[in-house]
Amino acid sequence: MSKKRNPHSWVTYERCYLITIGLALISLAVIIWVKSGHEASEWPGWAHVLFIVLPLLGFTIIAVGLKAKRQTIQNWAEGISRHEAFILIMILAFPIYLLCELLSRRNGKR
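Quick caveat, the model's predicted, so the values are computed rather than measured.

S.K.: Now, about the side chain of Arg15: what can you tell me, with residues and values included?
M.R.: Within the secondary structure, Arg15 is located in helix H1 (residues 13-36). No salt bridge forms around the buried Arg15; measuring N to O, its nearest opposite-charge neighbour Glu14 is 7.7 Å away.

Written out as structure tokens, the structure reads:
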């Protein structure tokens, strides 16, 4: 007897993909701060704006990935992943998806 996938499951690959992108943006801001935060007073104005926008955008994408409806998540994931460079994020999102699926099954949410 095979298990059928529940189409209304909370865990979707697109959710994990958006969460991974959000975490990557936040991580990028942290790396920038660690590497050159001591020189922040010498940064040009656009660099300060970019430094603030990266984590805000990351938190926004994570919030969409966690709280939005399935169609919204699919639209965001499709819109974000239009460049070939996002293949790395797709690869990184797959283990997160598998972990979320495992936890979802273990908690009986399926």
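Moving on, there is more to tell.
S.K.: Talk me through a nonpolar patch on the surface; I want residue IDs and the actual numbers.
M.R.: A cluster of nonpolar side chains, Ile87, Leu88, Ile91 and Leu92, forms an exposed patch at the surface whose accessible area comes to about 400 Å². Following the sequence through the fold, Ile87 ends up in helix H4 (residues 87-106).

S.K.: Break down the packing of aromatic side chains for me, citing the residues and quoting the values.
M.R.: Taken as a whole, this structure holds 6 aromatic pairs when the rule is applied. Seen from their ring centres, Tyr13 and Tyr17 are 6.5 Å apart, and the 20° between their planes marks the pair as stacked. A residue pair is termed a helical-turn pair when its members lie 3 or 4 positions apart in one helix, as Tyr13 and Tyr17 do in helix H1 at 4 residues. For the ring pair Tyr13 and Tyr97, a centre distance of 6.0 Å and an interplane angle of 75° mean the geometry is edge-to-face.

S.K.: Before we move on, can you summarise the nonpolar core with the specific residues and values?
M.R.: Ranked by size, the top nonpolar core spans 13 residues in total, and within it Tyr17, Leu18, Ile21, Leu25 and Ile61 carry the most contacts. Among the secondary structure elements, those contributing two or more residues to this core are H1, helix H2 (45-67), helix H3 (70-80) and H4. If one sorts the elements of this core by residue count, H1 sits on top with 5 residues. Discounting chain neighbours no more than four positions away, the residues touching Leu25 are Leu54, Leu57, Gly58 and Ile61.

S.K.: Any chance you could break down the packing of H1 against H4 for me, citing the residues and the numbers?
M.R.: Where H1 meets H4, the closest approach of the two axes is 8 Å, and the angle between their N-to-C directions is 120°. Here H1 lies oblique to H4, going by the angle between them. Of the two elements, H1 crosses H4, and the hand of that crossing is right-handed. Residues Tyr13, Cys16, Tyr17, Thr20, Ile21 and Ala24 of H1 lie in contact with H4, whose contacting residues are Ile89, Met90, Ile91, Leu92, Ala93, Phe94, Ile96, Tyr97 and Cys100.

S.K.: Describe H4, naming the residues involved and giving the relevant values.
M.R.: Its 20 residues give H4 an end-to-end C-alpha distance of 29 Å, which sits within 8% of 28 Å, the value for a rise of 1.5 Å per residue. All of the buried residues in H4 are Ile89, Ala93, Tyr97, Glu101 and Ser104. Close packing links the buried residues of H4 with H1.

S.K.: Tell me about the state of the cysteines, and name the residues and values.
M.R.: For the structure on display, the rule yields 0 disulfides. Free cysteine: Cys16, not disulfide-bonded; nearest cysteine sulfur from Cys100 at 4.0 Å. With relative accessibility at 2%, the residue Cys16 sits in the buried group.

S.K.: With reference to specific residues and values, describe the packing of H2 against H3.
M.R.: Look at H2 against H3: their axes get within 9 Å of each other, and the N-to-C directions meet at 140°. Comparing their axes, H3 and H2 come out oblique. In the packing of H2 onto H3, the handedness of the crossing is left-handed. On the side of H2, the interface is formed by Thr60, Ile61, Val64 and Gly65, while H3 contributes Ile73, Trp76 and Ile80. Of the residues contributing to the contact of H2 with H3, the split by class is 5 nonpolar, 2 polar and no charged.

Rules behind the numbers
- Residues numbered from 1 in each chain as written.
- Predicted model: local features only at pLDDT ≥ 70, side-chain atom pairs only at ≥ 80, totals over all residues.
- Heavy atoms only, no water.
- Helix = DSSP H or I, 4+ residues; strand = E, 2+ residues; numbered from the N terminus.
- Buried < 20%, exposed > 50% of the residue type's maximum accessible area, 1.4 Å probe, protein only.
- Lys, Arg positive; Asp, Glu negative; His and termini not counted.
- Salt bridge = Lys/Arg side-chain N within 4 Å of Asp/Glu carboxyl O.
- Patch = residues over 30% accessible without salt bridge, like charges linked within 9 Å, V, L, I, M, F, W, Y side chains within 5 Å.
- Areas by Shrake-Rupley, 256 points an atom, 1.4 Å probe, with all protein chains shown as cover.
- Phe/Tyr/Trp six-rings, centres within 6.5 Å; stacked < 30°, edge-to-face > 60°.
- Core = buried A, V, L, I, M, F, W, Y, C linked by side-chain atoms within 4.5 Å.
- Contact = heavy atoms within 4.5 Å.
- Axes fitted to C-alpha atoms, helices over the stretch in contact; angles between N-to-C directions.
- Parallel < 35°, antiparallel > 145°, perpendicular 65-115°, else oblique.
- Left-handed = near helix turned anticlockwise from the far one by under 90°.
- Expected span 1.5 Å × (residues − 1).
- Disulfide = S-S within 2.5 Å.
- Nonpolar A, V, L, I, M, F, W, Y, C, P; charged D, E, K, R; others polar.

Bear in mind that shape data such as this cannot, by itself, settle questions of function.
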